[in-house]
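Analysis of the macromolecular model
The primary structure of each chain is shown beneath.
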Amino acid sequence: MTTRTVRVRFAPSPTGGLHLGGVRTALFNYLFAKKHKGTFVLRIEDTDQTRFVAGAEQYILDCLDWCGILPDEGPHVEGKFSPYRQSERKASYRKYANQLVASGFAYYAFDTPEELGKMREAFKSESNPSPQYNSKVRMQMKNSLSLDKEIVNELIDKNTPYVIRIKMPNNEEVKLNDLIRGEVVFNTDQVDDKVLLKADGMPTYHLAVVVDDHEMEITHAFRGEEWLPSSPVHVLLWDYLGWKDSMPDWAHLPLILKPDGQGKLSKRDGDRLGFPVFAMDWMDPKTGELTKGFKEMGFLPEAFINMLALLGWNDGSGEEIFDKETLAERFTIDRIHKGGAKFDFEKAKWFNQEWIKKSTSEKLLPYVVHQLTKLTIELDEEKLLPIITLVKDRCQLLNDFVPQIIYFFKDPETIDTASIQTKWDENKSIFFNDWISNLEELTSWDAMSIETHFKEKATASGIKTGELQLPFRIMLVGAKFGPTVFEIAAIIGKESTIRRINHVLKMLQQ
Ligand code: GLU
């Protein structure tokens, strides 16, 4: 374990929406940095120009901001290690790629796409269906190891496009001490001669990740498990570039799996099963396709990161609800699981519900106002606060507030008379008519007084209160949900209560 001041990085490629697995990687970086009073860096890995998507970098920043886990350094804040976009760090990669060629650890390869295709055809066999560019084939290809020096120089002088490839050693063991998995041993024969620098002068991920982690003095590198197979290349590069002693400690994070555990959770699974996979709404600028995010589906950021932290980690106490500060205190890498974590949307909603219950109405107010103003409903915020208190335990998502609240501000548009019609009779009709004509007896219009008065009148007319409450609810709410009906009547006021009762009495007469 290194004793340097902790510096970690989240290194997304700006290629589209931010998958919840990416946010979890960012979160673990954030928590680890906070716990160790270190620095959390954002590095934009935008060297693959074919996959670059305009707006994706700003979107990533917006997502991290929404989650409350903005990095300390990155393209959004100047830092000691600027620039933080790989496309702006090109010169450095070329320099190191050349150094690797000069020291014999890498070589120029001039093969055209057609020549690579021919090689794959020629070496294809049943046991090797997709042959790779490796120690077995490299001497038969067009590169600076197989060609004479003069020819190589001539090709370079003539500006022949080339890539720089790592020369993977033959049948050697490379060991990696992973903080989650322990020692992982690879045989170099399992890995091909990966391209380090592309013909366009841009580095591939393999070179850039090593150079940048070195230059940015990264001490711990957390990344998805999918990178584990190429990690021997990175370990060798740290060695070949003479930086082995300062190589970060690696932690390959477990995958987030589909709800049935069969493979990695993808955006398509979300579309298919009706839940979000991205942190926030993402609009693909090329296709115009909109993909829903957790934020817009009505998640609180506190709930979202709480849920993510527990996808593959726990503190061993059995507790599940944690705020960001407690997560940072309790977070340890040795409690991250090795196996993939199944995503469960019902559980995600449970986290959100717990966080809504825990939140004060004042905190929830802006979210609710936002939802309601989208419906152009005029709001009296003072009136809204006690309503939020009344209904918040019934909401799993912030979007659930609208149906739970709207009838406080507007007479219901649809009324479920069907659910009371079968037990409706003339006596009930008389009761409600009498009750509303005697409301002036009530000196105070509050839930308790309304309830007492209602129950007294019910007893006097010989009808059980229980039989009157559902009709009363349907009259005020339009449906069978909501808090105590007397609370609702108190909030909507006497006038609205009478109007709604009369309206439904009329419907029931028809
Ligand atoms: N750009 C890589 C990705 O998006 C980063 C992997 C890493 O963190 O090293 O997966």
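Each remark here, short or long, concerns the structure printed above.
This write-up is about the structure you can find in this document. (Residues numbered from 1 in each chain as written. Predicted model: local features only at pLDDT ≥ 70, side-chain atom pairs only at ≥ 80, totals over all residues. Heavy atoms only, no water.)

When its secondary structure is counted, the protein shows 21 helices and 13 strands. Scaling as 2.2 N^0.38, a compact globule of 510 residues should have a C-alpha radius of gyration of about 24 Å, whereas the protein reaches 32 Å, well beyond that. Its C-alpha atoms give the protein principal-axis dimensions of roughly 110 × 50 × 40 Å. Counting the 510 residues in the protein, one finds 50% classified as buried. Excluding contacts between residues fewer than 6 apart, the proportion of contacts in the protein whose partners are at least 24 apart in sequence is 72%. (Helix = DSSP H or I, 4+ residues; strand = E, 2+ residues; numbered from the N terminus. Rg over C-alpha atoms; globule rule 2.2 N^0.38 Å. Buried < 20%, exposed > 50% of the residue type's maximum accessible area, 1.4 Å probe, protein only. Contact = heavy atoms within 4.5 Å.)

So, on to the site of the ligand. In the vicinity of the ligand, the residues found are Arg-9, Ala-11, Pro-12, Ser-13, Glu-45, Tyr-205, Val-209, Phe-222, Arg-223 and Trp-227. Between the ligand and Ala-11, the relevant distance is 2.8 Å, taken from a nitrogen atom to a main-chain nitrogen or oxygen of the residue. Trp-227 is positioned such that a nitrogen or oxygen atom in its side chain is 3.1 Å from an oxygen atom of the ligand. Compared with its free state, where it exposes 300 Å², the ligand has 82% of that area covered by protein. According to the grid-proximity analysis, the pocket containing the ligand is the largest pocket. Elements with a minimum of two residues in the shell around the ligand: α6 (205-215) and β8 (220-224). For the shell around the ligand, the per-class residue count stands at six nonpolar, one polar and three charged. (Near = heavy atom within 4 Å. Polar contact = N/O pair within 3.5 Å; in protein donor to acceptor, adjacent residues only side chain to side chain. Areas by Shrake-Rupley, 256 points an atom, 1.4 Å probe, with all protein chains shown as cover. 1 Å grid on protein atoms, 1.4 Å probe; cavity = no way out; pocket = protein on both sides within 12 Å on 5 of 7 lines; lining within 4 Å. Sits in = over half its atoms within 2 Å of the grid points. Nonpolar A, V, L, I, M, F, W, Y, C, P; charged D, E, K, R; others polar.)

Covered by surrounding structure in strand β1 (residues 7-10) are Arg-7 and Arg-9 together with Val-8 and Phe-10, the residues of both alternating faces. Of the strand pairs in this sheet, β1 and strand β2 (residues 39-42) are connected by four bridges, and their pairing is parallel. Bridge pairing in β2 places Val-8 opposite Phe-40. Handedness of the crossover joining β1 and β2 through helix α1 (residues 20-35) is recorded here as right-handed. (Pairing = 2+ DSSP bridges. Right-handed = clockwise from strand over helix to strand, strands pointing away.)

The strand order across the open sheet built from three strands is β3-β4-β7, with neighbouring strands paired in antiparallel fashion. The sheet terminates laterally at β3 (106-109) and β7 (195-197), the two strands that pair on one side only. The sheet shows a mean angle of 45° between the axes of neighbouring strands, direction not considered. Judged from the four bridges that link them, β3 and strand β4 (residues 163-166) form a sheet pairing that is antiparallel. Directly across from Ala-109, in β4, lies its bridge partner Val-163. (Axes fitted to C-alpha atoms, helices over the stretch in contact; angles between N-to-C directions.)

The tendency in soluble globular proteins is for nonpolar side chains to be buried as a group. Counting residues in hydrophobic clusters, the biggest one holds 61 residues, and the most contacted among them are Leu-20, Phe-294, Phe-304, Met-307 and Phe-343. Top element by residues in this core is α1. It accounts for nine residues. Sequence-distant contacts of Phe-343, defined by excluding residues within four places in its chain, comprise Leu-20, Ile-256, Leu-257, Lys-258, Pro-259, Leu-265, Phe-275, Phe-294, Met-307, Leu-311 and Ala-348. (Core = buried A, V, L, I, M, F, W, Y, C linked by side-chain atoms within 4.5 Å.)

Moving on, we get to the pairing of strand β6 (residues 182-187). With six bridges connecting them, strand β5 (residues 173-178) and β6 associate as antiparallel partners. The residue of β6 that forms the bridge with Val-174 is Phe-186. In textbook terms, the turn of a hairpin is the stretch between consecutive antiparallel strands, and for β5 and β6 this stretch comprises three residues.

Turning our attention to the state of the cysteines. Taken as a whole and judged by the stated rule, the model has zero disulfides. Sulfur of Cys-67: no disulfide; nearest cysteine sulfur belongs to Cys-63 and is 6.7 Å away. (Disulfide = S-S within 2.5 Å.)

What follows is about the layout of surface pockets. Taken as a whole, the largest pocket holds about 1,300 Å³ of empty space. Around the largest pocket, the lining comprises 47 residues; the ones closest to its centre are Ser-13, Thr-15, Arg-51, Glu-226 and Trp-227. Only β1, α1, α6 and β8 provide two or more residues apiece to the lining of the largest pocket. By residue number, the principal contributor to the lining of the largest pocket is α1, which donates five residues. For the lining of the largest pocket, the per-class residue count stands at 18 nonpolar, 16 polar and 13 charged. Taken as a whole, the second largest pocket encloses approximately 340 Å³ of empty space. (Points joined across faces, edges and corners; volume = space filled by probe spheres on them.)

The full count for this structure, using the stated rule, is 35 salt bridges. For Lys-267, the salt bridge goes to Asp-271, with nearest N and O atoms at 3.0 Å. Of the two residues, Lys-267 and Asp-271 both sit in helix α8 (residues 267-273), four residues apart, roughly one turn of that helix. Assessed through its relative accessible area of 45%, Asp-271 is described here as partly exposed. Here Lys-292 makes a salt bridge to Asp-281, at a shortest N to O gap of 3.8 Å. Of the two residues, Lys-292 sits in the loop between β12 (290-291) and α9 (294-297) while Asp-281 sits in the loop between α8 and β11 (282-283), which places them 11 residues apart along the sequence. By relative accessible area, Lys-292 is classed as partly exposed at 39%. Within the structure, one salt-bridge network assembled from shared partners comprises Arg-9, Arg-43, Glu-45, Arg-89, Asp-212, Asp-213 and Glu-215. (Salt bridge = Lys/Arg side-chain N within 4 Å of Asp/Glu carboxyl O.)

With that out of the way, let us pick up the packing of aromatic side chains. Considering all chains together, one arrives at 34 aromatic pairs under this definition. Ring centres of Tyr-96 and Trp-243 lie 5.0 Å apart, and the angle between their planes is 85°; on these two criteria the pair is classed as edge-to-face. In this pair, Tyr-96 sits in helix α3 (residues 90-102) while Trp-243 sits in the loop between α7 (231-240) and β9 (249-253), placing the two residues 147 residues apart along the sequence. In this pair, the class of Tyr-96 matches that of Trp-243, namely buried. An aromatic cluster of at least three residues, connected via ring pairs, comprises Trp-66, Phe-275, Phe-294, Phe-299, Phe-304, Phe-343 and Phe-345. Taking NZ or CZ as reference, Lys-347 lies 4.6 Å from the ring centre of Trp-350, over its face. Here the basic side chain of Lys-358 rests over the ring of Trp-355, its NZ or CZ set 4.8 Å away from the ring centre. (Phe/Tyr/Trp six-rings, centres within 6.5 Å; stacked < 30°, edge-to-face > 60°. Lys NZ or Arg CZ within 6 Å of the ring centre and 35° of its normal.)

As a further point, take helix α12 (residues 345-358). What sets the pattern is the α-helix's 3.6 residues per turn: residues three or four places apart point alike. Between its terminal C-alpha atoms α12 stretches 20 Å, which fits the 20 Å expected from 14 residues at 1.5 Å a residue. Those residues of α12 that fall on the buried side of the exposure criterion are Phe-345, Ala-348, Lys-349, Phe-351, Asn-352, Gln-353, Trp-355 and Ile-356. Sitting at the amino-terminal end of α12 is Asp-344, which places a side-chain oxygen 3.0 Å from the backbone nitrogen of Glu-346. (Expected span 1.5 Å × (residues − 1).)

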